[in-house]
Amino acid sequence: MARIGVFVCWCGSNIAATVDVKEVAKEAAKMSGVVLSTDYQYMCSEIGQNLLRNAIKKEKLDRVVVAACSPRMHEVTFRKAAELAGLNPYLVEIANIREHCSWVHKNKDEATEKAIALVRAAVAKVTLNQELIPGEIGIEKRALVIGGGIAGIQTALDIADAGYMVDVIEKTPSIGGKMAQIDKTFPTLDCSACILTPKMVDASMHPNINLHTYSEVEKVSGYVGNFEVTINKKARSVIIEKCSGCGVCIEKCPSRKTKSEFEEGLVNRKAIYTPFPQAVPNVPVIDREACIKFKTGKCGICKKVCTAEAIDFEQEDTKIIQKYGAIVVSTGYDLIDLAKFGEYAYGEDPDVITSLEFERITNAAGPTAGKLLRPSNNEKPEKVVFIQCVGSRDKTCRGKTYCSKICCMYTAKHAMLIKEKYPDIEVHVFYIDVRTPGKNFDEFQRRAVEEYGVNYIKGMVGKVFPDGDKLRVYGVDALSGDTIEIDADLVVLAAATKAKEDAEELGRKLSISTDTNNFFTEAHPKLRPVETHSAGIYLAGACQGPKDIPETVAQASAAASKAIILLSKSKLINNPCVAKVDETICCGCLECTNICPYEAIASTIIEYRDHGKMIKKLVSEVNEALCQGCGGCTVTCRPGAIDLKGFSNKQILAEVDALCF
Amino acid sequence: MTRVKVNPSNRDKEISRIIEISGENIYSCMQCSKCSASCPANSEMDILPHQVVRILQLGNYERIVNSQTIWNCASCFTCGARCPRDIDITKIMEAIRLTVIRNKGESRIDVDELPEKIDDKMPHQAIVSVFRKYRK
Amino acid sequence: MLLESKENLTIDKEEFKPLIVAFCCNWCSYAGADLAGTSRLNYPANIRIIKVPCSCRVNPNFVLRAFQNGADGVVIAGCHPGDCHYSTGNYFARRRLTLFTSLLNYIGIESERLKVDWISAAEANKFATVMNDVLEKVHKLGPNRKLRDVRWKR
């Protein structure tokens, strides 16, 4: 017979005002198995917990019911208290008589009656509770970073500095991401490459960091501490170990028809190429779509000129399977396609460019060597018009409903960069609102207006007409109500940012969720901003939402520290309330394996002796480390062989019976 | 300048009617003025389209109906096509015009007189809209 | 006051106090019920909540057992579809319970007695509304007699 102790909490007057706690304790004492029933003002206080601990020892209680606030509040507290007194923590049940009773009911009689019923249910359940011991799982001391932009680089460096091995997967041939394309960074106007390239080199030289460029995640399985990731290393056709990075192959390659992705299509690149001169690793890639050798079989010049014999046309995609303890996702963002914005003539006139193309034009390492030239005729423009919010804060199907966050600042930066180099160029900025929260951000934007004489116009541009070699920009100044017409030479569109096209697919591989805009969702918007709902997977940078560089770096370090916290543990303790298969009943239909969202149930063959014969039988087996305890399988199981520890069929039925008493 | 009483929460009857007839959410507007910038008739307007929406938000019906803008609107739909907030300003303009017409007081069409006025080439739609606009 | 044993099953409708058993998932609906408490909302005292890890843990057997033991209505509440803590649990619950509702209908139990709804941790108001609504409907239907096991006291 169980020896159950019932402790009824007053919670000051929170419970005691609407529930007759004395009556509850009196009734509880009559319930089967209850040997002690008492009440106290504040069970969660030090004294209350001592009362519980002493009672367990003195009365030799083997089960405890605390009738108090919601288990979401203090279940952990009371379980710890019980554990200190030598009782298995899972032999404690909470009857929620505050949130579910005293706070929602006014009539004292009714509330007392309900409280007694709730205590009865808890007593009925706890009678059937069993000691549960949480399992332990080991942790693979290695982290994976998906995406090698500034977020990925920072995360990798931080984790590596803590002494753990890190692998970085980057889809393109070089790490660096969007930041490598940018010219200057706001609000200090220091050169992006000058601060990024040393970090890229650090990442490649770090003994704990392993770069997988030109690679993608193919499959992810496993669970926190023990992810197993299949990485597809695309065939580079150049042997990384042999290549000296001399660049002769690139120079001699005759194929020059492909638009350079890194230069935002402003110039062409060769079929064998490195995205940019400071690429890490500085090893070229053959674009097999463009390569004449791969298309026609004739050419192979690169192979002939390569003295290091690094070119390998036969190279194939290779798969790497590696175990990781933690995963950080930092896949970044893209700009939206402006094809739907016909009124701005993007794609129709070469002098209408996106802000990222402008970054390349103004970049000293870019196609114009930093000279501001119109793409159409390579002449210096006289009037430049910037249009903000192209596709941002847009409720139609053409754009995105959110604010892209970075455009106000980079547009001010662009305007300032022009004015600094060419004070004679007229610069107009059309905006809806200027949003510059951030350290030294508003001062920066105001400097563009006040010191550099950039003309900010509140209002949107209605249409950009290509007119001869000019662009006629029609707008309105919303404040004065004046209609405005500008004969511009260059129009720069601040296109909205968006999540990567393949974010949803990657999310599915990792079983992490994406929001309506395909950005990855954090576990809690305020308190858990870098964690995902899947334990052991963290987010860094613009893949979670639009972000500027300082925020990205901050989040990257936060994600790194979360990963380090995980990796530094010697083992993880898992939830003991997991499913359990009764092998003698299991019929081996494996229906449960289909519904398990964690792939925690697998099949196994057991052998047992029946009437002197050895019989082999196919049964399900639950991996307790993977099982999260949802209990879906218990209902699916046809013979009823699966039960959930802590919420067993018997326990729930006992509760139902007690409540209907 | 006259001081206007602003009380957007206590919506004017006429403003509610404009919202109802047009079916557009005027509170979605964030005053980017793209409609005004796109409008081919904006040079003739005393109040620009984005200002019309703002004045509606503020609830100043009188100022809208006394402006030339609503009659200068050519209903070309450019504003609505380019609006980033998915507001069809043309529908709002039409709704304002309808409230003016409906408020005119007299009923200009009588069912009994209709048969003799009908012309074979007249589209049916026109007959329906005549009732919508001119019959009280 | 304790529940008197109601041997006499001819209960006056005015006196009739339906008993509702609610199965709430730990992550959304149970938290929603907690929030209803924290917000001091009101719903009748004859609603009794049982915590389950996920709505997919609710075996139709539990519902039948509740009816058998004298519950007049049963509520099953989980996270909104797509928001399940276990990613897909509530989809399974939705399918099973749709089927189960038609089964109840088939055997002549009013389907209003079983309510399956999605209540998030933030929807305290919805929790109270759903509970009041179910109670009102069950009150109109009168006590559950068809499934009740007469050997059971209540």
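Residues numbered from 1 in each chain as written. Chains lettered and ligands numbered in written order. Predicted model: local features only at pLDDT ≥ 70, side-chain atom pairs only at ≥ 80, totals over all residues. Heavy atoms only, no water.

Enquirer: I keep staring at the overall build of chain A and nothing clicks. Help me out?
Expert: Helix and strand counts for chain A come out as 19 helices and 34 strands. Scaling as 2.2 N^0.38, a compact globule of 661 residues should have a C-alpha radius of gyration of about 26 Å, whereas chain A reaches 33 Å, well beyond that. Judged by the C-alpha coordinates and their principal axes, chain A covers about 95 × 75 × 40 Å. Expressed as a percentage of its 661 residues, the buried residues of chain A come to 57%. Put simply, 69% of the contacts in chain A that link residues at least 6 apart link residues at least 24 apart. For chain A, the accessible area works out to roughly 28,000 Å², and carbon and sulfur atoms hold 50% of it. Averaging the locations of the 83 positively and 85 negatively charged side chains of chain A gives two centres separated by 3 Å. (Helix = DSSP H or I, 4+ residues; strand = E, 2+ residues; numbered from the N terminus. Rg over C-alpha atoms; globule rule 2.2 N^0.38 Å. Buried < 20%, exposed > 50% of the residue type's maximum accessible area, 1.4 Å probe, protein only. Contact = heavy atoms within 4.5 Å. Areas by Shrake-Rupley, 256 points an atom, 1.4 Å probe, with all protein chains shown as cover. Lys, Arg positive; Asp, Glu negative; His and termini not counted. Charge placed at Lys NZ, Arg CZ, Asp CG, Glu CD.)

Enquirer: Explanation requested: the overall build of chain B in the structure shown.
Expert: Counting secondary structure elements, chain B contains nine helices and zero strands. Starting at the N terminus and walking to the C terminus, you meet the elements of chain B as α-α-α-α-α-α-α-α-α. Per-residue burial over chain B gives 45% buried out of 136 residues. Roughly 8,000 Å² of accessible area belongs to chain B as shown, and the carbon and sulfur atoms make up 48% of that amount.

Enquirer: Please clarify how the pairing of strand β24 (residues 461-467) of chain A should be interpreted in this entry.
Expert: Each regular strand displays side chains that alternate between the two surfaces of the sheet. All names here are of chain A. With six bridges joining them, β24 and strand β25 (residues 470-477) adopt antiparallel strand pairing. Its bridge partner lying in β25, D467 is registered against K470. Here β24 folds back onto β25, and the loop between the two strands holds two residues, one of which, G468, carries a positive phi near 65°. (Pairing = 2+ DSSP bridges.)

Enquirer: How should I be thinking about the domain arrangement of chain B in this particular structure?
Expert: According to the domain assignment, chain B contains domain 1 (12-104) and domain 2 (108-136). Each of domain 1 of chain B and domain 2 of chain B has a C-alpha centre, and these two points are 27 Å apart. (Domains from an automatic or database assignment.)

Enquirer: Any chance you could explain the state of the cysteines here in plain terms?
Expert: Here, disulfide denotes a covalent bond that connects the sulfur atoms of two cysteines. Summed over the entire model, instances satisfying the criterion amount to two disulfides over all chains. Disulfide pairing places C191 of chain A opposite C194 of chain A at an S-S distance of 2.3 Å. With the S-S dihedral at roughly 95°, the linkage between C191 of chain A and C194 of chain A falls on the right-handed side. A sulfur-sulfur separation of 2.4 Å characterises the disulfide bridge that pairs C28 of chain C with C79 of chain C. Measuring the twist about the S-S bond at about 100°, one finds the C28 of chain C-C79 of chain C disulfide to be right-handed. Taken as a pair, C28 of chain C in the loop between β1 (20-25) and α1 (29-38) and C79 of chain C in the loop between β3 (73-78) and α3 (89-106) lie far apart in primary sequence, 51 residues in all. Judged on exposure class, the residue C28 of chain C and its partner C79 of chain C are both buried. Take C9 of chain A: it sits in no disulfide, and the sulfur closest to it among the cysteines is that of C11 of chain A, at 5.2 Å. (Disulfide = S-S within 2.5 Å.)

Enquirer: Honestly, the interface of chain A and chain B in this entry has me stumped. Any pointers?
Expert: Often the size quoted for an interface is simply the accessible area lost on bringing the parts together. With 20 residues of chain A at the interface, the matching set in chain B holds 19 residues. For the pairing of chain A and chain B, the buried interface totals around 1,600 Å² over both sides, and the portion due to carbon and sulfur atoms is 54%. If you sort the residues of chain A by the area they bury against chain B, R393, K395 and V476 of chain A come out on top, with a joint share of 29%. Between E343 of chain A and K34 of chain B there is a salt bridge whose closest N-O contact spans 2.7 Å. In this structure, the connection of chain A to chain B is made through 11 residue pairs in polar contact (both at pLDDT 80 or more). Residue assignment for the side of chain A that touches chain B shows that the elements contributing at least two residues are β24 and β25 of chain A. The residue inventory of the side of chain A that touches chain B, partitioned by class, reads seven nonpolar, six polar and seven charged. (Buried area = accessible area lost by both parts, 1.4 Å probe. Salt bridge = Lys/Arg side-chain N within 4 Å of Asp/Glu carboxyl O. Polar contact = N/O pair within 3.5 Å; in protein donor to acceptor, adjacent residues only side chain to side chain. Nonpolar A, V, L, I, M, F, W, Y, C, P; charged D, E, K, R; others polar.)

Enquirer: In this structure, what is going on with a nonpolar patch on the surface? I would like to understand it.
Expert: Residue and element names in this part refer to chain C. Together, L103, Y106 and I107 make up a nonpolar patch on the protein surface, roughly 370 Å² of accessible area in all. Mapped onto the elements, Y106 comes out in helix α3. Using a relative accessible area of 72% as the deciding quantity, one classes Y106 as exposed. (Patch = residues over 30% accessible without salt bridge, like charges linked within 9 Å, V, L, I, M, F, W, Y side chains within 5 Å.)

Enquirer: It is not clear to me how the arrangement of the chains should be interpreted in this structure. Could you clarify?
Expert: Here the protein chains form two pairs of chains in contact, of which the pair with the most contacts is chains A and C. For the non-touching pair chain B and chain C, the nearest C-alpha separation works out to 25 Å.

Enquirer: It is not clear to me how the pattern of salt bridges should be interpreted in this structure. Could you clarify?
Expert: Once their charged atoms are close, side chains differing in charge can pair, the charge on each being opposite to the other. Residues and elements named next belong to chain A. Scanning all chains against the criterion turns up 50 salt bridges over all chains. As a salt-bridge pair, K178 and D334 come within 3.2 Å of each other at their nearest N and O atoms. Residue K178 is located in helix α7 (residues 177-181), and its partner D334 is located in strand β19 (residues 333-335); the two are separated by 156 residues in the primary sequence. Residue classification places K178 among the buried positions, given a relative accessible area of 18%. Overall, the relative accessible area of 22% leaves D334 in the partly exposed class. The partner of K562 in a salt bridge is E531, with the nearest N and O atoms 3.8 Å apart. Of this pair, K562 sits in helix α16 (residues 549-567) while E531 sits in the loop between α15 (503-510) and β29 (537-539), placing them 31 residues apart in sequence. Using a relative accessible area of 14% as the deciding quantity, one classes E531 as buried. Salt bridges here are not isolated pairs; linked through shared partners, they connect D351, R374, D469, K470 and D489.

Enquirer: What's the story with the interface of chain C and chain A in this structure? I'm lost.
Expert: Listed per partner, the contact involves 49 residues of chain C and 43 residues of chain A. The contact between chain C and chain A buries some 4,100 Å² in all, and 58% of this surface belongs to carbon and sulfur atoms. A salt bridge links D643 of chain A to R57 of chain C; the shortest N-O distance between them is 3.4 Å. Here chain C is connected to chain A by 16 residue pairs in polar contact (both at pLDDT 80 or more). Elements represented by at least two residues in the side of chain C that touches chain A include exactly β1, α1, β2 (47-52), α2 (60-68) and α3 of chain C. With seven residues, α1 of chain C is the largest single contributor of residues to the side of chain C that touches chain A. Split into classes, the residues belonging to the side of chain C that touches chain A amount to 30 nonpolar, nine polar and 10 charged.

Enquirer: Is there a simple way to explain the pairing of strand β18 (residues 326-329) of chain A in this structure?
Expert: Residue and element names in this part refer to chain A. Residues of β18 alternate between two faces, with A326 and V328 on one and I327 and V329 on the opposite face, all of them buried. Of the strand pairs in this sheet, strand β6 (residues 142-146) and β18 are connected by four bridges, and their pairing is parallel. Pairing of I146 across the sheet is with V329, part of β18. Alignment of β18 against β29, held across three bridges, turns out to be parallel.

Enquirer: Would you take a moment to explain unusual backbone geometry for this structure?
Expert: Excluding glycine, residues mostly carry a negative phi; peptide bonds, for their part, are mostly trans. Residues and elements named next belong to chain A. With omega at -5°, the peptide bond leading from F186 into P187 counts as cis. When you line up the elements, P187 lands in the loop between β8 (184-185) and β9 (190-191). Cis geometry marks the peptide bond from V280 to P281; its omega dihedral reads 0°. Residue N518 is not a glycine yet carries a positive backbone phi of 70°. Mapped onto the elements of the fold, N518 is located in the loop between α15 and β29.

Enquirer: Please clarify how the packing of helix α1 (residues 13-22) of chain B against helix α7 (residues 89-103) of chain B should be interpreted in this entry.
Expert: In a pair of packed helices, the angle between the axes and the distance between the axes together describe the arrangement. All names here are of chain B. Two numbers describe how α1 lies on α7: the axes approach to 8 Å, and their chain directions differ by 125°. Viewed along their axes, α1 and α7 adopt a mutual orientation that is oblique. Taken as a pair, α1 and α7 cross one another with a handedness that is right-handed. On the side of α1, the interface is formed by E14, R17, I18, I21 and S22, while α7 contributes K91, I92, A95, I96, L98, T99, R102 and N103. Its residues assigned to classes, the contact of α1 with α7 comprises six nonpolar, three polar and four charged. (Axes fitted to C-alpha atoms, helices over the stretch in contact; angles between N-to-C directions. Parallel < 35°, antiparallel > 145°, perpendicular 65-115°, else oblique. Left-handed = near helix turned anticlockwise from the far one by under 90°.)

Enquirer: How should the sheet that holds β2 of chain C be read in this particular structure?
Expert: In any sheet, the strands associate via hydrogen bonds between backbone groups, in a parallel or an antiparallel arrangement. Residues and elements named next belong to chain C. Pairing within the open sheet is parallel, and its four strands lie in the order β2-β1-β3-β4. A single partner strand is all that each edge strand has here, and the edge strands are β2 and β4 (114-118). Adjacent strand axes in the sheet meet at a mean angle of 20° when their direction is disregarded. Relative to β4, β3 runs parallel, the two being bridged by five bridges. Looking across to β4, one finds that V75 is bridged to K115. Here α2 sits on the sheet and contacts β1, β3 and β4; the angle it forms with β3, its principal contact strand, is near 150°.

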